[in-house]
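Chains, contacts and geometry: an overview
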Amino acid sequence: MTALIDSYQNLVFSICYKMTADYFAAEDLAQETFLSAYEHFKNFDGSNPKAWLCRIATNKCIDYMAHSGRKSIPTEDIYLENSMGAQDMAESPEAVCMEQETKDMLLKNCRRLKKPYDEIAEAYYYEELDAREIAGRRGMKVKTVQTQIYRARSMLRKIYRKENSA
């Protein structure tokens, strides 16, 4: 299961982000995708793990969109119906460019937060450090860093929601 996560975590996140247009929801849905895959791994025949994970991610996103009261539910499964594979699509120049734009926007929004949340958010979300690494670098307790990550996440969520509603 670890190999599947390592191989497909970026693909699954990309699918979730493109379907929801919400960074934090995509993060949660990607995690839910892998939890569901883990729970049902014994039933998986092993024939096409990429398609299997893409299908789970797509279904998670559709459920999220339906239950969150959103009006636009994607009806096409562009990741599985596209003639080139989803992995090829994730590595295309367009996908690389979109990923960089997403990271740039994330960095910009992290820097909009007040101190110390700006630095914590940048380290956690942009540099992808975990709470222990951040605490070690900053000479802080891990629990304090975790609390600041939680608060920064809430602040970032408000920024993204405000931008998406505009």
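Look a little higher up for the structure.
A short tour of the structure in this document, coming up. Source: prediction; values computed, not measured.

A few words on the packing of aromatic side chains. Scanning all chains against the criterion turns up 8 aromatic pairs. Geometrically, the ring pair formed by Tyr17 and Tyr23 is edge-to-face, given 6.4 Å between the ring centres and 70° between the ring planes. When the centroid spacing of 4.8 Å and the interplanar angle of 85° are considered together, the rings of Tyr124 and Tyr125 count as edge-to-face. Overall, Tyr124 belongs to the partly exposed group, its relative accessible area being 32%. Taken together, the ring pairs in this structure connect Phe13, Tyr17, Tyr23, Phe24, Tyr124 and Tyr125 into an aromatic cluster.

Further remarks concern the side chain of Asp22. With respect to the helices and strands, the residue Asp22 is situated in the loop between helix H1 (2-20) and helix H2 (23-39). Judged by relative accessible area, which is 7%, Asp22 ranks as buried. From its side chain, Asp22 meets the backbone nitrogen of Phe24 in a polar contact 3.1 Å long.

Here the focus is the pattern of salt bridges. Taken as a whole and judged by the stated rule, the model has 7 salt bridges. When the shortest N-O distance is used, the salt bridge between Glu127 and Arg137 registers 3.1 Å. With Glu127 in the loop between helix H7 (117-126) and helix H8 (131-138) and Arg137 in helix H8, this pair connects stretches of sequence that are 10 residues apart. Among the ionic contacts, a cluster of salt bridges with common partners joins Lys115, Asp118, Glu119 and Arg138.

Attention now moves to the nonpolar core. Leu113, Ala121, Tyr125, Ile134, Val145, Ile149 and Leu156 are the most contacted members of the largest nonpolar core, which totals 20 residues. Put simply, the parts of the chain that give this core at least two residues each are H2, helix H6 (93-111), H7, H8 and helix H9 (142-165). Top element by residues in this core is H9. It accounts for 6 residues. Not counting chain neighbours up to four residues away, the residues in contact with Leu156 comprise Phe24, Asn109, Cys110, Leu113, Ala121 and Tyr125.

One can describe the packing of H2 onto helix H3 (residues 49-67) by two numbers: an axis separation of 9 Å at closest approach and a directional angle of 130°. Of the possible angle classes, the one that applies to H2 and H3 is oblique. Judged by the sense of rotation from one axis to the other, the crossing of H2 with H3 is right-handed. In this structure, H2 contributes Ala25, Leu29, Glu32, Thr33, Phe34, Ser36 and Ala37 to the contact, and H3 contributes Trp52, Leu53, Ile56, Ala57, Lys60, Cys61 and Tyr64.

A few words now on the side chain of Thr58. Of note, Thr58 is situated in helix H3. What makes Thr58 buried here is its relative accessible area of 2%. Among the polar contacts listed, one links the side chain of Thr58 to the backbone oxygen of Cys54, at a separation of 2.7 Å.

In this section: the environment of Arg111. Positionally, Arg111 belongs in helix H6. You can call Arg111 exposed: its relative accessible area is 52%. The sequence separation of Arg111 and Glu122 amounts to 11 residues, and the corresponding C-alpha distance is 7.3 Å. Setting aside chain neighbours within four positions, we find Arg111 in contact with Asp118 and Glu122.

A separate point is H8. Residues Ala131, Ile134 and Ala135 constitute the buried set of H8. Seen end-on, H8 carries its buried residues on one side only, within an arc spanning 100°. For H8, the exposed residues lying more than 90 degrees away from the buried face are Arg132, Gly136 and Arg137. A side-chain oxygen of the first residue of H8 lies 3.2 Å from the backbone nitrogen of Arg132; this N-cap is Asp130. Phi turns positive, to about 65°, at Gly139, one or two residues after H8.

Analysis parameters
- Each chain has its residues counted from 1, running along the sequence as written.
- Totals for whole chains, interfaces and linings use all residues, but because this is a predicted model, local features are given only for residues with pLDDT of at least 70 and pairs of side-chain atoms are given and counted only at 80 or more.
- Neither water nor hydrogens contribute to the side-chain values; these are computed over all heavy atoms in the structure.
- Stacked, edge-to-face and tilted labels apply to pairs of Phe, Tyr and Trp rings (six-membered ring for Trp) whose centres lie within 6.5 Å, assigned for plane angles under 30 degrees, over 60, and everything in between, in that order.
- Think of it in three bands: with a 1.4 Å probe and only protein chains considered, a residue is buried below 20% of the maximum accessible area for its type, exposed above 50%, and partly exposed in between.
- Comment: elements are numbered from the N terminus, with helices defined as DSSP H or I runs of at least four residues and strands as E runs of at least two.
- Whenever a nitrogen or oxygen atom comes within 3.5 Å of another N or O atom, the pair is scored as a polar contact, on the condition that within protein one atom can donate a hydrogen and the other can accept it, and that pairs from neighbouring residues in sequence are kept only if both atoms are in side chains.
- Each reported salt bridge corresponds to a side-chain nitrogen of Lys or Arg within 4 Å of a carboxyl oxygen of Asp or Glu.
- The criterion is simple. A nonpolar core is a set of buried Ala, Val, Leu, Ile, Met, Phe, Trp, Tyr and Cys residues joined through side-chain atoms within 4.5 Å.
- The contact rule is simple, with two residues in contact once any of their heavy atoms fall within 4.5 Å.
- Fitting a line to C-alpha atoms yields each axis, with helices limited to the stretch in contact; the angle taken between N-to-C directions then spans 0 to 180 degrees.
- Oblique is the label for every angle not falling under 35 degrees (roughly parallel), over 145 degrees (roughly antiparallel), or within 65 to 115 degrees (roughly perpendicular).
- Handedness of a helix crossing follows the sense of rotation of the near helix relative to the far helix, less than a right angle counterclockwise being left-handed and clockwise being right-handed.
- Directions are taken from the helix axis to each C-beta atom, and the arc is the one they span.

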